[in-house]
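Breakdown of the fold
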Amino acid sequence: MLLRQGVAVVADPAQADVCYVNTCTVTGAADRSSMQLVRRAARSGARLVVMGCLVERDQDRVKDIEGVSDVWGNADKERRLARFGPSPERSRALLKVQDGCDRDCAYCVVSGLRGAPASVPASEVEKRFLSLVDDGFREVVLTGLNLGLYNDGGIGLAGLVRRLLDSDGRARVRLGSVEPDTADRRLLDVLREPRVCPHLHLPMQTGDDRLLGRMGRRYSTGRFAELVRQTRKARPDVNIGVDVIAGLPGEDDASFRRTEDLVRSLRPGYLHAFSFSPRPGTRAASMDRVPSAATRRLRVSRLREVSVRLREEYESRYVGSVRRAVVETRSAALTDNYMRLRLRCDRAPKPRSLVDVQVVNGKDGGREGVVTAFSR
Ligand code: SF4
């Protein structure tokens, strides 16, 4: 809306009249980088609005920074930003359909800040989806704090996805992260739909059953492995990404080895590995036997190395094949199965559009996509 009124986005805060900073508090590192960003923006002299989870958790700390003009908690943020619409620089639309969580994971600070689960009514989601498609988006990513808890009077996440697919045939749908205990048979069935991206991101967190119990996670490693197996059965080309937290309280060498072993046996397409960070106010913050910072760093870096190998292993299977990809920039695209490619094409395809690409190995070892067809 602001953009349509002639407001321009600038890269350098020093040139801005107004700065909006969206904060995160999921880890100590996120806190620190949010505060750094706020201080940097405050030095610009622009009117400064700070929003998001750090504001929700510690409003006074943010307000006290000289130069902060206004602070918006999460409810305020949602209400005010809804007017702006998606950023014109986005090639894929993020559509938030759910917020809040009633789980009680010991390390999680975010669920307490966002309140009880709440879902955007399916009719409203459909309306927003159609408007995004009319704006030219051909990939819409459904997001939520605990997306699998989506429920509008009995319409769950799978039902919502079917409704969106039926409402318009032009765009594809990608699911954001889904908690393992909410991924049911209906969700796996909907993954078989050709216009649902074969990509599922699952927070596993640890491969040690004792730690899963201690952290209040509602599944076992056996159940997680079965979910991965069933997901591949439903959609054999699926790219499964897995979150892992290294250094949870009580994680000794043996439990970390169990995590590595589980990852190696499941062979996901990539990992997102984080270091445990005790968040004030969470149960995990007062738990004992937290591995040292150096051990946590070492374990994260080991997991990241494993992730590089896993990604290579998954992606190399698709070299030579043709995948449908959404154009992100004139030279980059993202395939349905979550492979980011450098585009090779005689004429630059339109960002946001879908193209068919043949996956090839680039000269420098990266992956490229040779455009074989443009979408209608
Ligand atoms: S399921 Fe996710 S959002 Fe909910 S408490 Fe656990 S970590 Fe937090």
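A look at the pairing of strand β2 (residues 47-52)
The buried fraction of β2 is high, at five of six residues. In this sheet, β2 lies alongside strand β1 (residues 18-23) in parallel orientation, the contact comprising six bridges. Bridged to V18 within β2 is R47. A crossover connection joins β1 to the parallel β2 through helix α1 (residues 28-43); in handedness this β-α-β unit is right-handed. Pairing of β2 with strand β3 (residues 68-72) involves four bridges; the strand directions are parallel. Across the sheet, V50 pairs through a bridge with V71, a residue of β3.

Details of the sheet that holds β2
The three strands are arranged β1-β2-β3 in an open sheet whose pairing can be described as parallel. Either end of the sheet is taken by a strand with one partner, and the two such strands are β1 and β3. This sheet shows a mean twist of 20° between the axes of neighbouring strands, independent of strand direction. α1 contacts β1, β2 and β3 of the sheet and is inclined by roughly 175° relative to β1.

Quick word on the site of the ligand
Around the ligand sit C101, R103, C105, C108, V110, S111, L145, N146 and E179, and those are all the residues in its vicinity. For the shell around the ligand, the residue count by class is five nonpolar, two polar and two charged.

A short note on helix α6 (residues 122-134)
Taking 1.5 Å per residue, 13 residues should reach 18 Å; α6 reaches 18 Å between its end C-alpha atoms and fits that length. For α6, the set of buried residues is A122, V125, F129 and L132. One side of α6 holds all its buried residues, which, seen down the axis, span an arc of 80°. The outward face of α6, more than 90 degrees from its buried face, is lined by the exposed residues S123, E124 and D134. Against the buried residues of α6 lie β4 (93-99), β6 (139-144), β7 (151-152), β8 (155-156) and α7 (157-167). G136 lies just past α6 and shows a positive phi near 105°.

Describing the sheet that holds strand β15 (residues 340-344)
Strands sit in the order β13-β14-β15-β17-β16 around a closed barrel of five strands; the barrel is mixed. Averaged over all neighbouring strand pairs, the angle between strand axes comes to 55°, with direction disregarded. Relative to strand β16 (residues 354-361), strand β13 (residues 322-329) runs antiparallel, the two sharing five bridges. Its bridge partner lying in β16, V322 is registered against Q358.

Points about α1
Within an α-helix, residues lying three or four positions from one another point in the same direction, as the helix has 3.6 residues per turn. For α1, with 16 residues, the first-to-last C-alpha span of 23 Å sits near the 22 Å given by 1.5 Å per residue. Among the residues of α1, those classed as buried are D31, S34, V38 and A41. Projected onto a plane normal to the axis of α1, the buried residues spread over an arc of 100° and lie on a single side. Opposite the buried face of α1, at more than 90 degrees from it, the exposed residues are A29, R32, Q36 and R43. Tucked inside the fold, the buried residues of α1 contact β1, β2, α2 (53-57), α3 (59-63) and β3.

Scoring rules and cut-offs
- Every chain begins its residue count from 1, and numbering advances along the sequence as written.
- Given that the model is predicted, a residue must reach a pLDDT of at least 70 before its local features are reported, and side-chain atom pairs must reach 80 or more before they are shown or counted; all residues, however, enter totals for whole chains, interfaces and linings.
- Here the C-beta atoms are placed from the backbone, and a residue counts as buried if at least 20 other C-beta atoms lie within 10 Å of its own, exposed if 12 or fewer do, and partly exposed otherwise.
- Only DSSP runs of H or I covering at least 4 residues are called helices, and only runs of E covering at least 2 are called strands; the numbering of each starts at the N terminus.
- Here, strands pair whenever DSSP counts at least two bridges between them.
- Here a crossover is taken to be right-handed if, once the strands point away from the viewer, the path from the first strand over the helix to the second is traced clockwise.
- Note on geometry: axes are C-alpha line fits, over the in-contact stretch for helices, and angles between N-to-C directions span 0 to 180 degrees.
- Throughout, a residue-residue contact means that the two C-beta atoms, derived from backbone geometry, are no farther apart than 7 Å.
- Using a C-beta atom placed from the backbone for every residue, we mark a residue as near a molecule or strand if that atom lies within 6 Å of it.
- Residues are sorted three ways: Asp, Glu, Lys and Arg are charged, Ala, Val, Leu, Ile, Met, Phe, Trp, Tyr, Cys and Pro are nonpolar, and all the rest, Gly among them, are polar.
- For a helix, the expected span equals 1.5 Å multiplied by the number of residues minus one.
- Here the arc refers to the set of directions running from the helix axis out to each C-beta atom.

Any link to function would need more than the numbers given here.
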